[in-house]
Number of protein chains: 6
Amino acid sequence: MPRVHLTRRVHFSAAHRLHHPDWSDERNREVFGDCSNPNWHGHNYELDVTVEGELDPETGYVLDLKALKQVVEDLVIQDVDHRNLNLDVDWLDGTNPTTENLVVAIWERIRPALPPDIQLKRLVLWETPRNRVEYEGR
Amino acid sequence: MPRVHLTRRVHFSAAHRLHHPDWSDERNREVFGDCSNPNWHGHNYELDVTVEGELDPETGYVLDLKALKQVVEDLVIQDVDHRNLNLDVDWLDGTNPTTENLVVAIWERIRPALPPDIQLKRLVLWETPRNRVEYEGR
Amino acid sequence: MPRVHLTRRVHFSAAHRLHHPDWSDERNREVFGDCSNPNWHGHNYELDVTVEGELDPETGYVLDLKALKQVVEDLVIQDVDHRNLNLDVDWLDGTNPTTENLVVAIWERIRPALPPDIQLKRLVLWETPRNRVEYEGR
Amino acid sequence: MPRVHLTRRVHFSAAHRLHHPDWSDERNREVFGDCSNPNWHGHNYELDVTVEGELDPETGYVLDLKALKQVVEDLVIQDVDHRNLNLDVDWLDGTNPTTENLVVAIWERIRPALPPDIQLKRLVLWETPRNRVEYEGR
Amino acid sequence: MPRVHLTRRVHFSAAHRLHHPDWSDERNREVFGDCSNPNWHGHNYELDVTVEGELDPETGYVLDLKALKQVVEDLVIQDVDHRNLNLDVDWLDGTNPTTENLVVAIWERIRPALPPDIQLKRLVLWETPRNRVEYEGR
Amino acid sequence: MPRVHLTRRVHFSAAHRLHHPDWSDERNREVFGDCSNPNWHGHNYELDVTVEGELDPETGYVLDLKALKQVVEDLVIQDVDHRNLNLDVDWLDGTNPTTENLVVAIWERIRPALPPDIQLKRLVLWETPRNRVEYEGR
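Given the structure is predicted, the values throughout are model-derived calculations rather than measurements. (Residues numbered from 1 in each chain as written. Chains lettered and ligands numbered in written order. Predicted model: local features only at pLDDT ≥ 70, side-chain atom pairs only at ≥ 80, totals over all residues. Heavy atoms only, no water.)

Asker: How would you summarise the overall build of chain A if you had to cite specific residues and measurements?
Answerer: When helices and strands are tallied, chain A shows 3 helices and 5 strands. Taken across its 138 residues, chain A has 62% of its residues classed as buried. Restricting to contacts in chain A with at least 6 residues of sequence separation, those with at least 24 account for 69%. Carbon and sulfur atoms make up 44% of the accessible area of chain A, which totals about 5700 Å². (Helix = DSSP H or I, 4+ residues; strand = E, 2+ residues; numbered from the N terminus. Buried < 20%, exposed > 50% of the residue type's maximum accessible area, 1.4 Å probe, protein only. Contact = heavy atoms within 4.5 Å. Areas by Shrake-Rupley, 256 points an atom, 1.4 Å probe, with all protein chains shown as cover.)

Here is the structure:
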């Protein structure tokens, strides 16, 4: 059977700051610029979750989109939407919430929750409409 | 010579329903939800057709975009635009028109119609701005 | 207090055909073209609902967006999403579902359901990303 | 001479929370929901600034877009971009940063800074791609 | 009958430069900056054409969108698409092709070509996704 | 450490024409159609620059986006924005500025300017919202 990629786009709004706890304020400001503002800033994030699997000849689905949406909603969106990524999310504890670190952490959340015949293929995470990261696992 | 990917985005509007003919209405409703509505529903589909080939040093083209557009128009768009995907399209006959089945069927239509030195690289088909499938062949 | 416009964008996917019941098939085809296909076609519609009201100095809201979203969801979206606009929607019964007729019918649904100090200002309804109608009431 | 509207779209990313200082946490949570999260959340805002004026027959401009961009940059963007709207912006001091209050405050910043023959016509402020407010002054 | 606005979005790609023939090169550069480059530059323009009229109870149309599209195609797009706005368009002869001058000239082309019961309501012309002008006639 | 892709989207507006200097005007017109207009036409180009590298555990960055933006700005945008691609850009001298040739030339500009541990992964160049090319190097 053909293998097809299926993508669901979701979004969330969150506050964050970029900050290395062992560095001085000056060093943080030098490396992270305005992104290190101690009073936070925030973004509307968009996340594309792409899975790959064999087309099921009976349903014509790779995976029921509602099931994919539910996994992402339960394991990611309800934890990060309208939250502070530095303070409110236990699975980001101790992580500097750059877009790169964030996409890797989301990968680790979603991958184990998918059915065994479904492969997590790619995550794309937009911080703004002009900046994004993409991760395909190790 | 460099190999470059060339993509043309096209769109069509169509009605469909998801439905397995051997299943009861209850089973269809259970698996496909609102998508199994017997009176149909519909979408504005967007389709990205990506081909790969060697850059022709004389024209600076991989393939004339007008030629690519014409193939997709003749073999796909004129058959599906403002049509019912379950009833009106002979090359979808007997196919449950999920986005996955649809993208594979479109691949089979376009691939043989391309010039021999041009490879059909990837199709991306959006059913809504948040849901899409991607196919790169078998 | 300042008067501000507040807009919520919602979407729905539906099937329809354009058809005048007193006309011959030929006349329908002549006037409505492919839009009169007897087996239906469909669209992803986007709807912008704009209300106007005084800024409430206590909440800083014109209207709670969740309340606006709920009205549109209950009175419009749950009736039309994944439905056939000619067959499945009682408040469109006997209406030829052109975008113009549709936007006026949606206006008549939403306007009486808003709080008395909130004015329905404008509806914009996209049938495709390139075609839309706008209605501001009589 | 014809009067033409000229619009420049700008963006900024900021953190905020909705919060009434005289209310209990419970009351704030009840009215503002997740938007009252004490640890903040944030957005990518888009702002359309529309001015109206007479077409200058010599330049063919209503207003030099670079001049309009500069006013908005100097009086709004540099104060709010990568900032916390509750804590970092003196001209929002004491304001609950709902989108409605924000658009009115931005209006009061920009209007006096425009040349006398140029009218501030309309501000549209998107908090997310689906939620926006519009203000045309009192 | 209700009065409804109907909008068709079209696009064209063109070269231009901003230039006042009576000014020195220095003065042109000073006022128009990079836009005065003697070797031209260009844009993908998007144009929203909005007409207003009474809803026809028989067709459910304000105006057949195909007819509106044809007027804009014949009178505007075929003259400006893949053309130089300073050199190739007789109805722009002697006009400095700022977006403001362009939108007024397009208005004068389209308005007389519409049926007598149809009012040209508004033109919106994007030069880039962030810059646009809007014109509603004198 | 995980390897992550980082993408920055930039834009520029330029004039060009497609033209083979050894061909007659008739041959140029036959192959390139309206794109060969001797008086030029133009586009708003969008360019996605994607680099790949190891996530730096100290900063949480693959590469500072500001550094990536600066490379693209200095080596590409300042040379092509508001310019004529056939006449004004020395590193395009003698190149027929098809989108394919353009994306390869931009690749050759950016690749040597990146840090040694950063790989230029992919360029995507949009000539219009519906036409684009993609290049991943030889």
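Asker: Lay out the pattern of salt bridges in plain terms, naming residues and giving numbers.
Answerer: Applying the stated criterion across every chain, the model contains 84 salt bridges over all chains. The salt bridge involving Arg122(D) is made with Glu134(E); its shortest N-O contact spans 2.9 Å. One end of the pair, Arg122(D), is in strand β4 (residues 119-128); the other, Glu134(E), is in strand β5 (residues 131-135), on a second chain. Just as Arg122(D) is buried, Glu134(E) falls in that class too. Here Arg3(F) and Glu52(F) are joined by a salt bridge, their closest N and O atoms 2.8 Å apart. In this pair, Arg3(F) is assigned in strand β1 (residues 3-16) and Glu52(F) in strand β2 (residues 41-54), connecting sequence segments 49 residues apart. (Salt bridge = Lys/Arg side-chain N within 4 Å of Asp/Glu carboxyl O.)

Asker: Please give an account of empty space enclosed by the protein that cites residues and values.
Answerer: Scanning the model with the defined rule gives 1 cavity of 30 Å³ or more in all. Taken as a whole, the largest cavity holds about 30 Å³ of empty space. Taken together, His11(B), Phe12(B), Ser13(B), Asn44(B), Tyr45(B), Glu46(B), Thr128(C) and Pro129(C) form the lining of the largest cavity. Of all elements in the fold, only β1 (3-16) and β2 (41-54) of chain B reach the threshold of two or more residues within the lining of the largest cavity. Residues of the lining of the largest cavity, tallied by class, amount to 3 nonpolar, 4 polar and 1 charged. (1 Å grid on protein atoms, 1.4 Å probe; cavity = no way out; pocket = protein on both sides within 12 Å on 5 of 7 lines; lining within 4 Å. Points joined across faces, edges and corners; volume = space filled by probe spheres on them. Nonpolar A, V, L, I, M, F, W, Y, C, P; charged D, E, K, R; others polar.)

Asker: For the interface of chain D and chain A, give the residues involved together with the corresponding values.
Answerer: Between chain D and chain A, the contact holds 21 residues from the first and 21 residues from the second. Between chain D and chain A the total buried area reaches about 1700 Å² when both faces are included, carbon and sulfur atoms providing 47% of it. Per-residue buried area on chain D facing chain A is highest for Asn39(D), Asn44(D) and His82(D); these three make up 34% of the total on that side. Counting across the chain D and chain A interface gives 2 salt bridges. Here chain D is connected to chain A by 17 residue pairs in polar contact (both at pLDDT 80 or more). (Buried area = accessible area lost by both parts, 1.4 Å probe. Polar contact = N/O pair within 3.5 Å; in protein donor to acceptor, adjacent residues only side chain to side chain.)

Asker: Account for the relation of the copies chain E and chain F, naming residues and giving values.
Answerer: Two copies of a chain can be linked by a rotation about an axis combined with a shift along that same axis. Screw-axis analysis of chain E against chain F gives a translation of 0.0 Å along the axis, an RMSD of 0.0 Å, and a rotation angle of 180°. Here the transformation between the copies is reduced to the relation of a two-fold axis. Same-surface contact between copies: 100% of interface residues of chain E are shared with the interface of chain F. (Least-squares fit on C-alpha atoms with pLDDT ≥ 70 in both.)

Asker: Just give me the short version of the relation of the copies chain D and chain A, but keep the residues and values in it.
Answerer: After a rotation of 180° and a shift along the axis of 0.0 Å, chain D superposes on chain A with an RMSD of 0.0 Å. Taken together, the interface assignments show that 100% of the residues at the interface of chain D recur at the interface of chain A, consistent with an identical surface on both copies.

Asker: Give me helix α2 (residues 65-80) of chain F: which residues, what numbers.
Answerer: Spanning 16 residues, α2(F) covers 21 Å between terminal C-alpha atoms, matching the ideal 22 Å at 1.5 Å per step. Along α2(F), the largest kink reaches about 50° and is centred on Glu73(F). For α2(F), the set of buried residues is Leu65(F), Leu68(F), Val71(F), Val72(F), Val76(F), Ile77(F) and Val80(F). Buried residues in α2(F) make contact with β5 (131-135) of chain A together with β1, β2, β3 (83-84) and α3 (99-110) of chain F. Sitting at the amino-terminal end of α2(F) is Asp64(F), which places a side-chain oxygen 2.9 Å from the backbone nitrogen of Lys66(F). One or two residues past the end of α2(F) sits His82(F), with phi positive at roughly 60°. (Expected span 1.5 Å × (residues − 1). Bend = angle between axes of the 7 residues up to and from the residue.)

Asker: So what's going on with the arrangement of the chains? Which residues, and what values?
Answerer: Nothing in chain A touches chain C; the tightest C-alpha to C-alpha distance between them is still 15 Å. Looking at chain A next to chain E, you find no contact at all, with the nearest C-alpha pair sitting 12 Å apart.

Asker: Go over the packing of aromatic side chains with me, naming the residues and quoting the values.
Answerer: Following the criterion strictly, the structure yields 24 aromatic pairs over all chains and no others. Ring geometry for Phe12(B) against Tyr45(B): centres 4.8 Å apart, planes inclined by 15°, an arrangement best described as stacked. Here Phe12(B), found in strand β1, pairs with Tyr45(B), found in strand β2; they are 33 residues apart in sequence, far enough to count as distant. Both residues of the pair, Phe12(B) and Tyr45(B), belong to the buried class. Through a chain of ring-to-ring contacts, the aromatic side chains of Trp23(A), Phe32(A) and Tyr61(F) assemble into a single cluster. Positioned above the aromatic ring of Trp23(A), the side-chain terminus of Arg27(A) is 4.6 Å from the ring centre. (Phe/Tyr/Trp six-rings, centres within 6.5 Å; stacked < 30°, edge-to-face > 60°. Lys NZ or Arg CZ within 6 Å of the ring centre and 35° of its normal.)

Asker: I'd like a description of the interface of chain E and chain F, backed by residues and values.
Answerer: Across the contact, 21 residues belong to chain E and 21 residues belong to chain F. Taking both sides of the interface into account, the surface hidden between chain E and chain F amounts to around 1700 Å²; carbon and sulfur atoms contribute 47%. Contact with chain F buries surface across chain E, with Asn39(E), Asn44(E) and His82(E) losing the most and accounting together for 33% of the total. Scanning the region where chain E abuts chain F turns up 2 salt bridges.

Asker: Would you mind going over the environment of His20(C) in detail, with residue names and values included?
Answerer: Tracing the backbone shows His20(C) in the loop between β1 (3-16) and α1 (25-32). Exposure remark for His20(C): the relative accessible area of 13% places this residue in the buried category. Measuring from C-alpha to C-alpha, the distance between His20(C) and Tyr45(C) comes to 22 Å, with 25 residues separating the pair along the chain. Setting aside its immediate chain neighbours within four residues, His20(C) contacts Asn28(C), Phe32(C) and Glu58(E).

Asker: An account of the layout of surface pockets is requested, with residue identities and associated values reported.
Answerer: Rolled over the atoms, a probe sized like a water molecule indicates the empty space that remains. Residues and elements named next belong to chain F. Size it by volume and the second largest pocket reaches roughly 400 Å³. Residue lining of the second largest pocket: 22 residues in total, with Leu92, Gly94, Thr95, Asn96 and Pro97 positioned closest to the centre. Residue classes in the lining of the second largest pocket are distributed as 9 nonpolar, 8 polar and 5 charged.

Asker: Quick one: what's the story with unusual backbone geometry, residue by residue and with numbers?
Answerer: The residue Trp40(E) is not glycine, and still its phi comes out positive at about 75°. Mapped onto the elements of the fold, Trp40(E) is located in the loop between α1 (25-32) and β2 (41-54).

Asker: Help me get a handle on the environment of Asn37(C), residues and values and all.
Answerer: Position of Asn37(C) relative to the elements: it lies in the loop between α1 and β2 (41-54). Residue contacts for Asn37(C): discarding those within four places in its chain leaves His82(B), Arg83(B), Asn84(B), Asp88(B), Arg17(C) and Arg29(C).

Asker: Just give me the short version of the side chain of Asn28(D), but keep the residues and values in it.
Answerer: Its place among the elements puts Asn28(D) in helix α1 (residues 25-32). Not counting chain neighbours up to four residues away, the residues in contact with Asn28(D) comprise Leu18(D), His19(D), His20(D), Trp23(D), Gly33(D) and Ser36(D).

Asker: Give me the lowdown on the pairing of strand β4 (residues 119-128) of chain B, citing residues and values where you can.
Answerer: Residue and element names in this part refer to chain B. The element β4 is extensively covered by neighbouring structure, given that 8 of its 10 residues are classed as buried. Direction of pairing for β2 relative to β4: antiparallel, over a ladder of 7 bridges. Paired with Asp48 across the two strands is Val124, which belongs to β4. Sheet topology note: the β4/strand β5 (residues 131-135) ladder contains 5 bridges and is antiparallel. (Pairing = 2+ DSSP bridges.)

Asker: Explain the packing of helix α2 (residues 65-80) of chain A against helix α3 (residues 99-110) of chain A residue by residue, including any values.
Answerer: Residue and element names in this part refer to chain A. Contact geometry of α2 with α3 gives a least axis separation of 10 Å together with a crossing angle of 140°. Between α2 and α3, the angle is such that the two are oblique. Our pair here, α2 against α3, has a crossing hand that is right-handed. For the pair α2 and α3, the contacting residues are Val71, Val72, Leu75, Val76 and Asp79 in the first and Ile106, Arg109 and Ile110 in the second. (Axes fitted to C-alpha atoms, helices over the stretch in contact; angles between N-to-C directions. Parallel < 35°, antiparallel > 145°, perpendicular 65-115°, else oblique. Left-handed = near helix turned anticlockwise from the far one by under 90°.)

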